[in-house]
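Each chain, letter by letter, is given below.
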Amino acid sequence: MKFFKYLLLSFLTIFFCVFSFAIFDSSIFFTAAFAKSKVLYFPAVGTKPAVNQTQIFSLVQQSQALYEGGEFTEAVQLLKKAADEFKANNNVLNEAIALTNLSLAYQQLGQWQQANEVISQTIKLLQSLKDSDSSQEQSQVFAQALDVRGGLELAQGQTEVALNTWQSAAKIYQQLDDISALIRNRINQAQAMQALGNYLQADHTLTSLRENLQKQADSAVKARGLYSLGNVLRSLGYLSDSHKILEESYSVAEKVGSAMPTAGGYAIAQSNALLSLGNTARAQIYAQLSLGNSSSAKDYAQTAIQYYQQAVKIGATIPTVRLQAQLNLLRLLVEQEEVSTAKALLAQIQSQIDNLPPSRTAVNYRINFAQSLSKMKQNSVEPKDVAKMLAQAVQVAKSLKDQRSESYALGILGELYEQTGQLSDAKGLTQQALVEAESIDAQDIAYQWHWQMGRILQKQSNIPAATDAYSRAYNALKSLRNDLVAINPDVQFSFRESIEPVYRQYVDLLLQLQENTIQKPDNLIQARQVIESLQLAELDNFFRSPCLIPRVDLDKLVEKEKSTTVIYPIILDNRLEIITRLPGQDTIYRKTAKIPKNILEKTVEQLQKDLPVASREPDVKQRSQQLYDWLIRPIEADLVSKGITSLIFVLDGSLRNIPMGILYDQQQQKYLIEKYAISLMPGLQLLPPKSLHNVPVNALVAGVDQKRLIEGKSFPELLNVTQELKQIQSSVKSSKQLLNQEFTKTNLQNQIQSTSFSIVHLATHGQFSSDIEQTYILTWDSLLKVRELDSLLRARGESRPETIELLVLSACKTATGDKRAALGLAGVAVRAGARSTLATLWTIDDESTSEFMGELYRQLDAGVTKAQALQRAQLAILAKENRPYFWAPYVLLGNWL
C-alpha cells in the first residue's frame, strides 16, 4: 500500500500546484510548467483479487495517461468505469480512490457540481468504511479526499470552509506521521489563511514549515516541499523569500540527483525549480517597474532569461519541460524586445508543438506560443500564422470537449482579429468564447470576453452597447472579488494590464453617454461607484486578499454634514473628470478638465519630488497652482455658494501621492488648507463615524530616536522624537510610552491587547510603497511590515472590542520613485482597523513636528473634528514657516469627524 499511497500523494502535490493557479490569462506563462500532473489509481493491498483485475489496472493506466495528457473528458469516462469495477468487486477503498481522482478530473473541466457530488460521495463512502474497520490505509485515503475537497472549496470561494477541511486532514496526517502530505497540507492552509486576511497566522505557518523542511535530510520529499513552498510564497507576494526557497529546492534536487545519476525524476525536479526561479524573477520585473526602478527591472529580466535557459538545458531530454521553458523564455524575450534572440527559438518551438498529441496542455502551449507571436507582428510574423495556430488550438479543444480551453482559444483568436481591425469576425469569435465560458460559469475568463466585446463595440461606435458590455465585465469582476486571488494568485503582477483598464474604460464610457455639465444622475453615480470599486480592487490586489468590506454609506454621512462635500477626481487618458457630491443635492455635478493623463501625472510626479526639499518652494507653488486650476477652479463657485468648509477627497492614481492642502490659489494667494479642512477617503472603507471628543482619550506613544541598521537598511537618528512624545503626553491625560529598546513588536502587541487605547502614536521611520514587502514601520529591533501591523492592531478585537480612534504615523515617507506609493498608506489606513489614520508623506526631523503634534492634540482636546484639528495645526506651523516642506506632509485618512 505504501507504493500506492506515494502515487496518490505525488499526484495531489502536483495537482495543487496546478489548481492554485489559473490555467489561462497571463498566468499561462507562469504555470504551464505544472500542467503535467500525475493521477494514479490502484487496488489496495490485502483485498480479494478481482477476476478482471488486469482490466481494472488497464483502466487505471489509461486514465492516468489521459489525465497527464490533459484529455480530461476521456479520463472521466475511464475513471467512472474503474470506480464501477471496484464497486462490483466490493473493493470500497479503491472505489473511493477512483472517485477522488474523478472529482479532480471534473474540477479540471470546470464541472463544479459533478466534482462536488463525487467528492461528497467519496467521503461518505470512506466514513462508512472507517466506521466498520479503520486502518492506516483508510485514514490516509480519507485525508487525501479531504485535501481534494478543500481544494474544491477554495476554488469556489469557500475559503474558511476549505481551511477547516484542510485542518481536519492535517490531524490525520499528524497521526500517521506522514511528513510529505503534511507539508502539502500546510502550504494549502497558508494560502487559505492569507486569503482570509490572517497574515500573521499564514506567516507563522509558512515560517514553521520552512524551518521543518530545512531540518530534514536532503530527499525528493524535501525538494518537492521546498518547490511548492517557493511557488506559494511567490503567489503571496513574498518574492525574495520565494527566490531563496526555490534555490534551496534546486540545490536539494541537484544533490540527490548527483547521487543517483540515472534518476530522470531529479532532472525534472531541477528543471521545474529553475522554471519557478525564472517565474519569480519575472514577477520581480513588474515589482521593480512599479517602484520606478527600471535598471533593477532589466537586471531581473536577465536573471529570468538565464534561469529559463538553464531549465532548457537540464530538461533537454524531457520534452514537456524543455518546451515549457522555451515558451517562458520566448515570452520574456518578446517583452524585453530582444527580437533576434526570440526569433531563433521560433522554429524549435514550432516543430515541438506540431508533434504534440491532443490535450489541454497542447491547447495551452499553442495559445501561449500564439500570444508571443502576436506581439512580434512588426517583426516578420504574419497575423495569418498566429491565427492558424489559434485555430488549431480551438479544434484540439473541441475534440477534447474541453469548454474552458475552447473558450480561451476562441477569445484570444477574437482578440487577434480585433487587433488587425477585422471587427465583425472579432465580435463573432468573442461571442462564441462567451457562450462557452458562461456555460461552465467560468467568470474569471468571461469577464475578459465581456471587456473585449465592449472594446469591439466601442470601435464600431456603438457606445450604448459597449457600455452594457463593460457593465457585464464589471459585474463579473465584482462577483469574482472574493475568489480572484484564489483563482489566480499571479493576478497582482498583471493587475494594471488585465483588471484596472476594465474599470477606467467603463467610467470613460459612462461619462461619454452625455456631455452636458449636469449629467444623468444614474450615470454619474455608477461612474463614482466604479471608481470606488477600483480602489477596493487595488487594495485587494495589494494585500492579495479580498477582505475589505464597505461598512458605511458615505452619502448619508455627508448629508448630515451640511458644510462638507466629497470630490472624486478621475484620471482618464485624455482628460480629468471631477465628480462632486454637494450636500442637499439630488444631482451630482461633473466638471471636465481637458488635461491628458501624461501631462497631469508628470506634473504630480515632479511636485512629489519637490515637496521633500525645503528649498524648492517656488517650484512647489508653480506646480500646485496648476493642480489647483485643474482640480478646484472648475468647482470653486459651487463650494463658495454652498458655504463648504470641509473637503473629502476620494483620490485617484498618482494624486494620492501628494497632500491636497498644498494646492495653491494664485488669485487669492492661499493654499487650499487655508480655506478648507481636508481629509482623504479610500473609497467607502469607513468605520461608523464618531467624534474623538466623545471618547476617553488614552494614548499609546512609541518611537525610535536613535540610528538603527535593520535588515540591511540604515535609518538615521530622529533628534526630535523625544520632544514630540513629551508634547503629546502633556496634552493627553492618560498615556503609555515605549521608547527605543522598549518599542518592540512584542511590547507593542502586549500593550494594544491589554489596554483600551483610543490613540496609537508611532514616531519612527516608516515607508509606504506599492510593494507590500517595502511598506513597514521601524521598531527598535525589526521592521514591522504592513501585514503584521494589520494583524497586530486588529488582534485586539478578540480581547478588547474597542476601536482605535486615531492611528498617527509621524515620521514616515512614500517610497522614492514609486508612482503608487500612497497605496501602501491607504492599505495601512484601511486594514489597521483604526477609525482614522494621520500620517506623513515625507519625513521631517525638525522642531516643527513636535510643535505640530502638540497643537494637533490641543485642538482635539478642544473638541473640534479631526480634519479641523489637522487644519489648525498646519496653519499654526504655516504662520511661522511658509515653506510647505515643514507644514504640508500631513494627511488624514478615514473618519474626519
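As the structure is a prediction and not an experimental result, all values here were calculated from the model. Just so you know, the residues in each chain are numbered from 1, in the order the chain's sequence is written. Side-chain atom pairs in this predicted model are given and counted only at pLDDT of 80 or more, local residue features only at pLDDT of at least 70, and totals for whole chains, interfaces and linings cover all residues. Excluding hydrogens and water, the side-chain figures rest on all heavy atoms present in the structure.

A. Quick peek at the overall build of the protein chain. Here a helix means four or more residues in a row that DSSP labels H or I, a strand means two or more in a row labelled E, and each is numbered from the N terminus. Secondary structure assignment for the protein chain yields 38 helices and 17 strands. Contact definition: two residues touch when any of their heavy atoms are within 4.5 Å. Expressed as a percentage of contacts within the protein chain between residues at least 6 apart in sequence, the contacts between residues at least 24 apart total 72%. Surface accessibility in these figures is a Shrake-Rupley result with a 1.4 Å probe; residues are shielded only by whichever protein chains are displayed. Surface accessibility of the protein chain: about 33400 Å² in total, with carbon and sulfur atoms responsible for 47%.

B. Representation of the pairing of strand E7 (residues 677–680). Think of it in three bands: residues with accessible area under 20% of the maximum for their type are buried, residues over 50% are exposed, and the middle band is partly exposed, with areas taken using a 1.4 Å probe on protein chains only. Residues Ala677 and Ser679 line one face of E7 and the alternating positions Ile678 and Leu680 line the opposite face, and both faces are buried. By this definition, two strands are paired if DSSP reports at least two bridges between them. In this sheet, E7 lies alongside strand E4 (residues 646–649) in parallel orientation, the contact comprising four bridges. Within the sheet, the bridge partner assigned to Phe649 lies in E7 and is Leu680.

C. The arrangement of the packing of aromatic side chains in detail. Stacked, edge-to-face and tilted are the three classes for Phe, Tyr and Trp ring pairs, Trp counted by its six-membered ring, which pair at centre distances within 6.5 Å; planes under 30 degrees apart are stacked, over 60 edge-to-face, the rest tilted. Per the counting criterion, the structure on display carries nine aromatic pairs. Members of the aromatic cluster, connected to one another through ring pairs, are Tyr474, Tyr503 and Tyr506. By the criterion adopted, a ring carries a charge over it if an Arg CZ or a Lys NZ lies within 6 Å of its centre and within 35 degrees of its normal. The ring of Trp451 has Arg455 sitting right over it, with the charged end atom 4.8 Å from the ring centre. Between Arg708 and the ring centre of Trp780, over which it is positioned, the NZ or CZ distance is 3.6 Å.

D. Highlighting the packing of helix H7 (residues 136–155) against helix H8 (residues 159–176). Between the N-to-C directions of two axes lies an angle of 0 to 180 degrees, each axis being a line fitted to C-alpha atoms and, for a helix, fitted only over the stretch in contact. The N-to-C vectors of H7 and H8 enclose an angle of 160°; their axes lie 8 Å apart at closest approach. The angle between the axes of H7 and H8 places the two elements in the roughly antiparallel class. Crossing geometry of H7 relative to H8 is assigned as left-handed. By definition in this entry, angles of less than 35 degrees are roughly parallel, angles greater than 145 are roughly antiparallel, angles of 65 to 115 are roughly perpendicular, and the rest are oblique. A clockwise turn of the near helix away from the far one marks a right-handed crossing, whereas an anticlockwise turn of less than a right angle marks a left-handed crossing.

E. Examining the pairing of strand E12 (residues 759–768) more closely. Within E12, 10 of the 10 residues are buried, which leaves the element mostly enclosed by the surrounding structure. With two bridges connecting them, E12 and strand E13 (residues 776–778) associate as antiparallel partners. Bridge pairing in E13 links Gln767 to Tyr776.

F. How the structure looks around the environment of Leu206. Its location among the elements puts Leu206 in helix H10 (residues 199–215). The exposure class assigned to Leu206 is buried, which follows from its relative accessible area of 5%. Spatially, the C-alpha atoms of Leu206 and Gln191 are 9.5 Å apart, while their sequence positions differ by 15 residues. Other than its neighbours up to four places away in sequence, Leu206 contacts Ala190, Leu229, Leu233 and Leu236.

G. Structural context of helix H29 (residues 617–631). Here, expected helix span is obtained from the residue count minus one, scaled by 1.5 Å. Helix length check: H29 (15 residues) gives 20 Å between terminal C-alpha atoms against 21 Å at 1.5 Å per residue, within 8%. Among the residues of H29, Glu617, Val620, Ser624, Leu627, Tyr628, Trp630 and Leu631 are the ones counted as buried. Down the axis of H29, the smallest arc covering the buried residues is 160°, so these residues share one side. Turned more than 90 degrees away from the buried face of H29, the exposed residues are Pro618 and Gln622. What the arc covers is the set of directions going from the helix axis to the C-beta atoms.

H. Summary view of the pattern of salt bridges. One speaks of a salt bridge when a side-chain nitrogen belonging to Lys or Arg is within 4 Å of a carboxyl oxygen belonging to Asp or Glu. Inspection of the entire model under this criterion finds 30 salt bridges. A salt bridge links Arg282 to Glu335; its shortest N-O distance comes to 2.3 Å. Pair noted here: Arg282 is in helix H13 (residues 264–290) and Glu335 is in helix H15 (residues 319–335), with a separation of 53 residues, a long-range link. Residue Arg282 is classed as buried on the basis of its relative accessible area of 4%. Measuring nitrogen to oxygen at the nearest pair gives 3.0 Å for the salt bridge that ties Arg883 to Glu881. You can call Arg883 partly exposed: its relative accessible area is 31%.

I. Representation of helix H5 (residues 92–108) within the structure. In this model H5 runs 25 Å from its N-terminal to its C-terminal C-alpha over 17 residues, within 8% of the 24 Å that 1.5 Å per residue would give. A large share of H5 lies buried, amounting to 16 of its 17 residues. Two residues or fewer after H5 comes Gly110, characterised by a positive phi angle close to 75°.

J. Local environment of the packing of H5 against H7. Between H5 and H7, whose axes approach to 10 Å, the crossing angle comes to 15°. With respect to their mutual orientation, H5 and H7 come out roughly parallel. Here the hand of the crossing between H5 and H7 comes out left-handed. On H7, the residues touching Leu93, Ile97, Thr100, Ser103, Leu104 and Gln107 of H5 are Glu137, Gln138, Val141, Ala145, Val148, Gly151 and Leu152. Across the contact of H5 with H7, the residue classes break down as seven nonpolar, five polar and one charged. For this classification, Asp, Glu, Lys and Arg are treated as charged, while Ala, Val, Leu, Ile, Met, Phe, Trp, Tyr, Cys and Pro are nonpolar and the rest, including Gly, are polar.

K. Representation of the side chain of Arg820. In this structure, Arg820 sits in the loop between strand E15 (806–814) and helix H35 (822–831). Exposure remark for Arg820: the relative accessible area of 19% places this residue in the buried category. Discounting chain neighbours no more than four positions away, the residues touching Arg820 are Arg496, Glu500, Glu538, Asn657, Ser769 and Ser770.

L. Spatial organisation of unusual backbone geometry. Of note, Glu337 is a non-glycine position whose phi angle comes to about 60°, a positive value. Inspection of the secondary structure puts Glu337 in the loop between H15 and helix H16 (339–354). The phi torsion at Gln669 lies on the positive side, around 50°, for a residue other than glycine. With respect to the helices and strands, Gln669 occurs in the loop between strand E5 (664–665) and strand E6 (670–671). Accessibility expressed as a relative area gives 54% for Gln669, which makes it exposed.

M. Main features of the environment of Ala217. Summarising the element assignment, Ala217 is placed in the loop between H10 and helix H11 (220–235). When its relative accessible area of 60% is taken as the criterion, Ala217 is described as exposed. In sequence terms Ala217 and Val252 are 35 residues apart; their C-alpha atoms lie 9.3 Å from each other.

N. Layout of the environment of Ile599. Position of Ile599 relative to the elements: it lies in helix H28 (residues 597–610). Note on Ile599: relative accessible area 42%, which makes it partly exposed. In this structure, the C-alpha to C-alpha distance between Ile599 and Arg575, residues 24 residues apart in sequence, is 9.9 Å.

O. Just the confidence of the model for the protein chain, in detail. Per-chain confidence: the protein chain averages 83 in pLDDT, with 85% of residues scoring 70 or above. As a per-residue measure, pLDDT reflects the predictor's confidence and takes values from 0 up to 100. Contacts for the low-pLDDT stretch residues 1–51, under 50 throughout, to residues beyond four places or in other chains number 160 contacts.

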